[in-house]
Amino acid sequence: MSRLQRAIETGAHPLSRRNFLVVAASGGAAFGFAALGLAAIDPAKPGAPATPAAGPLFEPTIWFEIDAVGLVTVNIIRAEMGQHVGTALARILADELEADWSQVRIVHVDTDAKWGLMVTGGSWSVWQTFPIFSRAGAAGRLALIEAGAKLMGVTPSACIARDGKVISGGRSISFAEIVRRGDLSRRYTPDEMDKLPIKPVNERRLIGRPTPAIDIPAKTNGSAVYGIDAKVAGMVYARPKLPPTRYGAKVASIDDGAAKGVKGYLRSIALDDPSQTVPGWVMVIAETYPAAVRAADLVKVEWSGGDGAKVSEKDIQDHAASLIADAGAGSLLDTGGGGDVDAAFRSARSTIEATYTTASALHFQLEPVNALAFEKDGVFEIHTGNQWQSLILPTLATALDRPVTSIVMRTYLIGGGFGRRLNGDYAVPAALAAKALGRPVKMILTRADDARFDSFRSPSVQKLRMALGDNGRVLAMDHAAAAGWPTQVMAPAFMPKGANGRPYDPFAIAGADHWYEVGAQRVRAISNDLANSSFRPGWLRSVGPGWTNWAVESFIDEAAHATGADPVAFRVAHLTGKGRDAGGPPSAVGGALRQAAVVKRAAARAGWGQPLPRGVGRGVATSFGQERDMPTWVACVAQVRVDRSSGEVAVEKLTLVVDAGTIVDPDGARAQVEGAAMWGLSLALHEGTEFANGQVRDTNLDTYTPLRIADTPEIDIEFVDSAEPPVGLGEPATTVVAPAIGNAIFAAANVRLRHIPIRPDDVRTALSATS
């Protein structure tokens, strides 16, 4: 059970079981709708604000309401950043409610204690919300049927709900009329909620079916509002002057003489930050953003101090290797008993060993981070797009020296998150500047500022060993992984303790605790303290499995070749589904056998074993996605062409098979897998930077080179038809593409690359070493 799931079950999380009151409220809405962003878009009138109808409201829970004209409003606590999360979650509730989809709208809510934990990441949104929204919709449906039956003078058992109506034989009454006239005062206890019947799969009318995405009209007609669009009367603009290091720098002097010649320039202020989120920051204030940008280029700041000013990527990686070499370092994951790994290696017939590394990787989301902040009527408002409001609110309270209850974050659409906006640090400088000036401040980072201030994915080092017995039988596997830990730096309360009592960052090791049967197993998670103190490590799309699986699946491939086995057959043979790998309810039914099934299906679909031209190869990789208690089984076969003279690797085709349980939103699911796969390809071959002298080397797209559209391959995706509970789709495909490509390069050119991104020079060097 995950740390978060445990909180849900024990009632420490807002989605825990609660009394479920079905009550008709007269008058206006019980909650305020967000004033900006996607919150008030009416799907029946694309782009037009939807005004709640006057009269009574049916509010069976905080998660949705129905007004007097039948409009169903679903409250969404998850951030919308292109993944259509509102559409996916609303259809879960609307399906059970039997609502008319054309009358459903979504509200991305602002922060409020009643919502509890507000976070969008880890591919959690659908997985966590499905049981809650299913029962909320079911309870609403039953209450409407009871009230509708009473109004029609029939028994509830003679009624069904369909398309926003309660129907009995040839008669019907709309949800709207029931809300206006009916008695909707039914109460459900927590036990009753748990026992509510959920519709069988064959009665679903929205889940898994093509339906229009509610957010598309606003995004295509220009009415959608992103954080960067937020504005209020009387605001000024700010661009920061960033210190030379993330931590420890102090402002020694500010010279704004040259900036005073810029029309609209107002002043420059050094921020006093009690939270130590942005030490050494200077905010350049102007009447317009172009003036703030120009003035900032002219303001001269001198800093003293600064941690990590002379630290390089090599220093960080060398330190990681030394930590791994210390057998006592790190936290030991619970691998189901583990076995005596050292004894297995001592008795082994042979062993294999390999070290894998990854470079620093930026988020480089389309919309640079930004925030508008001001105080109004005793409440400090932060207008910005954010993925983890609950994490940054206490930090804002510390920075502003005021209670969390007096701060509200207004919700906006996000122009790309990918984990960057899980860290809401960018809200702090805007808030501090607004407090210092006593007026609204809108801060927008330039592209280069955004790259320098990024909480990027830490470089990593992983050492894997395998002990083999007679006939290549796997006796033991040892995996040590060292990197900067974002959860340790920003959310240590989310760190569980390992088998040796030491806390570890689950988002910097997940994936290493794989589902293969390998005999005795040891997984060591090691925090790279030099990385943590030199920059702020961040969560990047696919988090830990995005780089741990690079090592696991590359190494499994090496083990297959070392034992003379076919890579597909080797994987399937070790995905036995025995012991702790058998899986179980609610989300891991079938365990490793479902992973073996996607491997076999992907191989068959890709033509595994069929002949290819010289210089072309296929490679396979598989993963369970993000966490063992919510596995998304995915396999990828990559077909690549290697140019031996230039070292260029061209990915010709990616074949992916995904078992994510119930697919709630088919179009959104495909888009998620496509995007995740392309992200994995980008990280494999194109995307990476280097930490040097306290900063990242690349700050714009002239030198930081993510995947371009000309390099996108043919992609073939198949979803396994399943009635199991839905799990995550935003990240798992990312985790399999890089190792599949690396394994395909080996098949095509007989060279093994163990660092990503794989550059042409790396391929040429490897080829030269074998010639």
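Residues numbered from 1 in each chain as written. Predicted model: local features only at pLDDT ≥ 70, side-chain atom pairs only at ≥ 80, totals over all residues. Heavy atoms only, no water.

Engineer: What am I meant to see in the sheet that holds strand S26 (residues 633-642) here?
Structural biologist: Strands pair in a sheet through their backbones, by hydrogen bonds, and they do so in one of two ways: parallel or antiparallel. Pairing in this open sheet of four strands is mixed, and the strands run S25-S26-S27-S30 from one edge to the other. Edge strands, defined here as strands with exactly one partner in the open sheet, are strand S25 (616-623) and strand S30 (714-719). Put simply, the sheet's adjacent strands are angled 15 degrees from each other on average, direction ignored. Bridge count between S26 and strand S27 (residues 649-659): ten bridges; the pairing is antiparallel. Each residue of the ladder has a partner; that of valine 642, found in S27, is valine 649. (Pairing = 2+ DSSP bridges. Helix = DSSP H or I, 4+ residues; strand = E, 2+ residues; numbered from the N terminus. Axes fitted to C-alpha atoms, helices over the stretch in contact; angles between N-to-C directions.)

Engineer: Got a minute to help me understand the packing of aromatic side chains in this structure?
Structural biologist: Pairs of aromatic rings are described using the distance from one ring centre to the other and the angle between the two planes. Applying the stated criterion to the full structure yields 16 aromatic pairs. Geometrically, the ring pair formed by tryptophan 388 and phenylalanine 494 is edge-to-face, given 5.2 Å between the ring centres and 85 degrees between the ring planes. Of this pair, tryptophan 388 sits in the loop between strand S19 (379-384) and helix H10 (389-400) while phenylalanine 494 sits in the loop between helix H13 (486-490) and strand S24 (520-527), and the two are 106 residues apart along the sequence. No difference in accessibility class separates tryptophan 388 from phenylalanine 494, as the two residues are buried. Pairing phenylalanine 535 with phenylalanine 691 gives two aromatic rings, centres 5.2 Å apart and planes at 50 degrees, and the pair type is tilted. Residue phenylalanine 535 is located in the loop between helix H14 (529-534) and helix H15 (545-562), and its partner phenylalanine 691 is located in strand S28 (residues 691-692); the two are separated by 156 residues in the primary sequence. On the basis of relative accessible area, phenylalanine 535 is assigned to the buried category, the value being 2%. Phenylalanine 691 sits in the buried class, given a relative accessible area of 1%. (Phe/Tyr/Trp six-rings, centres within 6.5 Å; stacked < 30°, edge-to-face > 60°. Buried < 20%, exposed > 50% of the residue type's maximum accessible area, 1.4 Å probe, protein only.)

Engineer: I tried to follow the packing of H10 against helix H11 (residues 427-437) on my own but got confused; where do I start?
Structural biologist: In the contact formed by H10 and H11, the axes pass within 10 Å of each other and the chain directions differ by 30 degrees. Accordingly, the angle class assigned to the pair H10 and H11 is roughly parallel. Considering only the axes of H10 and H11, their crossing is right-handed. Two secondary-structure elements touch here, H10 through Ile392, Thr395, Leu396, Ala399 and Leu400 and H11 through Ala427, Val428, Ala431, Leu432 and Lys435. Class assignment for the residues of the contact of H10 with H11 results in eight nonpolar, one polar and one charged. (Parallel < 35°, antiparallel > 145°, perpendicular 65-115°, else oblique. Left-handed = near helix turned anticlockwise from the far one by under 90°. Contact = heavy atoms within 4.5 Å. Nonpolar A, V, L, I, M, F, W, Y, C, P; charged D, E, K, R; others polar.)

Engineer: Can you help me understand the sheet that holds strand S23 (residues 474-483) in this one?
Structural biologist: Taken in spatial order, the six strands line up as S16-S24-S23-S22-S17-S31 in an open sheet, and their pairing is mixed. Of all strands in the sheet, those bounded by a partner on one side alone are strand S16 (331-332) and strand S31 (755-756).

Engineer: How should helix H18 (residues 666-686) be read in this particular structure?
Structural biologist: Quick reminder: α-helices carry 3.6 residues per turn. Residues three or four places apart thus point the same way. The end-to-end C-alpha distance of H18, which contains 21 residues, comes to 29 Å, matching closely the 30 Å that a straight helix rising 1.5 Å per residue would cover. Counting buried positions over the 21 residues of H18 gives 15, a clear majority of the element. (Expected span 1.5 Å × (residues − 1).)

Engineer: Just to check I follow, could you spell out the side chain of glutamine 317 for this structure?
Structural biologist: By secondary structure assignment, the location of glutamine 317 is in helix H8 (residues 313-325). Residue contacts for glutamine 317: discarding those within four places in its chain leaves Thr357, Thr358, Pro459, Ser460 and Val461.

Engineer: For this particular structure, what's the right way to read the nonpolar core?
Structural biologist: The nonpolar side chains of a soluble globular protein tend to be buried with one another. Membership of the largest hydrophobic core comes to 92 residues, with the highest contact counts inside it found for Trp388, Met466, Val640, Leu654, Leu656, Ile741 and Ile745. Ranked by residues supplied to this core, first place goes to helix H19 (residues 734-749) with nine residues. In contact with methionine 466, not counting residues within four places along its chain, are Phe345, Ser350, Thr351, Ile352, Val474, Ala476, Met477, Phe555, Ile556 and Ala559. By size, the runner-up hydrophobic cluster in this structure holds 47 residues, among which are Trp63, Val85, Trp115 and Leu184. (Core = buried A, V, L, I, M, F, W, Y, C linked by side-chain atoms within 4.5 Å.)

Engineer: Just to check I follow, could you spell out the packing of H15 against helix H16 (residues 567-574) for this structure?
Structural biologist: Between two packed helices, both the angle of their axes relative to each other and the distance between the axes serve to describe the pair. Two elements in contact, H15 and H16, have axes whose closest approach is 9 Å; the angle formed by their N-to-C orientations is 105 degrees. Relative to H16, the element H15 lies roughly perpendicular. Residues Glu553, Ile556, Asp557, Ala559, Ala560 and His561 of H15 touch H16, and the partners they reach there are Pro567, Phe570 and Arg571. Split into classes, the residues belonging to the contact of H15 with H16 amount to five nonpolar, one polar and three charged.

Engineer: Where do I start with the pattern of salt bridges in this structure?
Structural biologist: Where side chains of opposite charge bring their charged atoms close, a pairing between them can arise. Under the definition given, this model contains 41 salt bridges. We note a salt bridge from glutamate 146 to arginine 186, for which the minimum N-O separation is 2.5 Å. With glutamate 146 in helix H3 (residues 125-152) and arginine 186 in the loop between helix H4 (175-181) and strand S10 (187-188), the pair connects residues that are 40 residues apart, well separated along the chain. Its relative accessible area of 32% is what places glutamate 146 among the partly exposed residues. (Salt bridge = Lys/Arg side-chain N within 4 Å of Asp/Glu carboxyl O.)

Engineer: Help me out: how do you make sense of the confidence of the model for the protein chain in this one?
Structural biologist: As a general rule, the predicted coordinates of low-pLDDT regions are not to be interpreted in detail. Here the protein chain shows a mean pLDDT of 92. Residues at 70 or above account for 93%. Scored below 50 in pLDDT, residues 1-49 makes 134 contacts in the model with residues more than four places away or belonging to other chains. (pLDDT = per-residue confidence, 0-100.)

Engineer: What is the right way to look at unusual backbone geometry in this model?
Structural biologist: Glycine aside, a negative phi is what most residues show, and trans is what most peptide bonds show. For the bond from proline 585 to proline 586, the omega torsion is 0 degrees, close enough to zero to count as cis. Tracing the backbone shows proline 586 in the loop between H16 and helix H17 (592-606). A cis geometry characterises the amide bond from isoleucine 756 onward to proline 757, with omega recorded as 5 degrees. Along the chain, the position of proline 757 falls in the loop between S31 and helix H20 (760-770). Located in the positive-phi region is phenylalanine 418, a residue other than glycine, with phi close to 55 degrees. Along the chain, phenylalanine 418 turns up in the loop between strand S20 (407-411) and H11. Residues other than glycine seldom take positive phi values, yet serine 542 does so here, at roughly 90 degrees. Checked against the element boundaries, serine 542 lands in the loop between H14 and H15. Note on serine 542: relative accessible area 0%, which makes it buried.

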